[in-house]
Amino acid sequence: MKKYMAAVLVAVLLSGSGLVRASTTGAPAGGGRLELYFEALDGQGWQLFFLADAVKRRLPAADLKVYPLVTKNAEGAFTARRGEPELAESVRLAVLGKFYPAKALSYLSARSMSPSADGWRDAAVFAGINPDELERRAAADGQAALAEAGARAAGAGASSALLLLDGKPYEGSQRLLPLYDAVNAALPAERRAPPPAGY
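Residues numbered from 1 in each chain as written. Predicted model: local features only at pLDDT ≥ 70, side-chain atom pairs only at ≥ 80, totals over all residues. Heavy atoms only, no water.

Focus on the overall build of the protein chain
Argument step 1. A tally of helices and strands in the protein chain yields seven helices and six strands.
Argument step 2. Ordered by position from the N terminus, the helices and strands of the protein chain form the series α-β-α-β-β-β-α-α-α-α-β-β-α.
Argument step 3. In the protein chain, which comprises 199 residues, the proportion classed as buried is 40%.
Argument step 4. Of the roughly 11,100 Å² that the protein chain leaves accessible, carbon and sulfur atoms contribute 58%. (Helix = DSSP H or I, 4+ residues; strand = E, 2+ residues; numbered from the N terminus. Buried < 20%, exposed > 50% of the residue type's maximum accessible area, 1.4 Å probe, protein only. Areas by Shrake-Rupley, 256 points an atom, 1.4 Å probe, with all protein chains shown as cover.)

Comments concerning the packing of aromatic side chains
Argument step 1. For the structure on display, the rule yields five aromatic pairs.
Argument step 2. Between the aromatic rings of Y37 and Y67, the centroid separation amounts to 5.1 Å while the plane-to-plane angle is 20 degrees, which identifies the pairing as stacked. Remark: Y67 occurs in strand β2 (residues 63-68) and Y37 occurs in strand β1 (residues 33-38); sequence separation between them is 30 residues.
Argument step 3. Relative accessible area serves as the criterion here: at 1%, Y37 is assigned to the buried category.
Argument step 4. Clustering of aromatic rings is evident, with ring pairs tying together F38, W46, F49 and F50.
Argument step 5. Between K72 and the ring centre of F78, over which it is positioned, the NZ or CZ distance is 4.9 Å. (Phe/Tyr/Trp six-rings, centres within 6.5 Å; stacked < 30°, edge-to-face > 60°. Lys NZ or Arg CZ within 6 Å of the ring centre and 35° of its normal.)

Let's talk about the nonpolar core
Soluble globular proteins: nonpolar side chains tend toward being buried together.
Argument step 1. Membership of the largest hydrophobic core comes to 47 residues, with the highest contact counts inside it found for Y107 and L134.
Argument step 2. Once residues within four sequence positions are removed from consideration, L134 is found in contact with R92, V95, L96, Y100, Y107, W120, A124 and I129.
Argument step 3. With seven residues, the next largest nonpolar core counts Y67, L69, A153 and A158 among its residues. (Core = buried A, V, L, I, M, F, W, Y, C linked by side-chain atoms within 4.5 Å. Contact = heavy atoms within 4.5 Å.)

Notes on the packing of helix α3 (residues 84-99) against helix α4 (residues 104-113)
Argument step 1. At a minimum axis distance of 9 Å, the contact between α3 and α4 shows a crossing angle of 150 degrees. What the angle tells us is that α3 and α4 run roughly antiparallel. The hand of the α3/α4 crossing is right-handed. From α3, E89, R92, L93 and L96 reach across to α4, where they touch A104, Y107, L108 and R111.
Argument step 2. Residues that form the contact of α3 with α4 fall into these classes: five nonpolar, no polar and three charged. (Axes fitted to C-alpha atoms, helices over the stretch in contact; angles between N-to-C directions. Parallel < 35°, antiparallel > 145°, perpendicular 65-115°, else oblique. Left-handed = near helix turned anticlockwise from the far one by under 90°. Nonpolar A, V, L, I, M, F, W, Y, C, P; charged D, E, K, R; others polar.)

Structural notes on the pairing of β1
Argument step 1. Burial analysis of β1 places five of its six residues in the buried class, the great majority of the element.
Argument step 2. Alignment of β1 against β2, held across six bridges, turns out to be parallel. By the bridge assignment, F38 is partnered in β2 with P68.
Argument step 3. In this fold, β1 hands off to helix α2 (residues 43-58), which returns the chain to β2; that crossover is right-handed.
Argument step 4. In the sheet, β1 pairs with strand β5 (residues 162-165) via four bridges, with the strands oriented antiparallel. (Pairing = 2+ DSSP bridges. Right-handed = clockwise from strand over helix to strand, strands pointing away.)

Observations concerning the confidence of the model for the protein chain
Argument step 1. For the protein chain, the average pLDDT comes to 87, and 85% of its residues sit at 70 or higher.
Argument step 2. Considering only residues more than four positions removed or in separate chains, one finds that residues 1-28, a stretch of pLDDT under 50, has 14 contacts. (pLDDT = per-residue confidence, 0-100.)

Here's the deal with the packing of α3 against helix α6 (residues 131-156)
Argument step 1. Running from N to C, α3 and α6 point in directions that differ by 85 degrees, and their axes come no closer than 7 Å. As far as their axial angle goes, α6 and α3 are roughly perpendicular. For the pair formed by α3 and α6, the contact residues are L87, S90, V91, R92, A94, V95, L96, K98 and F99 on the first element and L134, R137, A138, D141, G142, Q143, A145, L146, E148 and A149 on the second.
Argument step 2. The residue inventory of the contact of α3 with α6, partitioned by class, reads eleven nonpolar, three polar and five charged.

A few points about a nonpolar patch on the surface
Argument step 1. There is a patch of nonpolar side chains on the surface, built from L176, L177 and Y199 and spanning about 270 Å² of accessible area.
Argument step 2. Mapped onto the secondary structure, Y199 falls in the segment after α7 (176-186). (Patch = residues over 30% accessible without salt bridge, like charges linked within 9 Å, V, L, I, M, F, W, Y side chains within 5 Å. Salt bridge = Lys/Arg side-chain N within 4 Å of Asp/Glu carboxyl O.)

Notes on the sheet that holds β1
Argument step 1. The mixed open sheet is built from four strands, whose spatial order is β2-β1-β5-β6. On the outer flanks of this sheet lie β2 and β6 (168-169), each paired with one strand and no other.

Encoded structure:
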């Protein structure tokens, strides 16, 4: 009994001192971090986004960040496989991730429903961002934000659509429930969600 009480006392003292603290904001402590790297007009990447976003909605303790994939040409300028429209959308995604991270997933969800060239304006409004401000920010800070996203993608080894779970490539089935199970299992036990009814 004395050992038990001593262990409880140590745990209480450590948690009060800040040496042991559960994360309450940002990325979850201990796991459940999803990172998606994809080309802005790539169907495979969008499929991975839909899966990861659905899982994030069901597992609020999980974290999802999305980064655009672009390349550089011989002159050192950013290019996108599907041309200027994809490059422009990649710049917006990089700016969203850097300056509006809390609104990025709402923008992406809305953008998937507004695929026309100027549909990004509707998606920005839906996400609570003034589209003119987003356009100004993309013009002023887009290249730097894209360079940061590109460096992050290079560091992750992403050259095509890639979904990471806690820094490692997710290699499970690209279906909703297997991804849900993997992310839920990666969360600390106290932050896991029960399985969906009927599962």
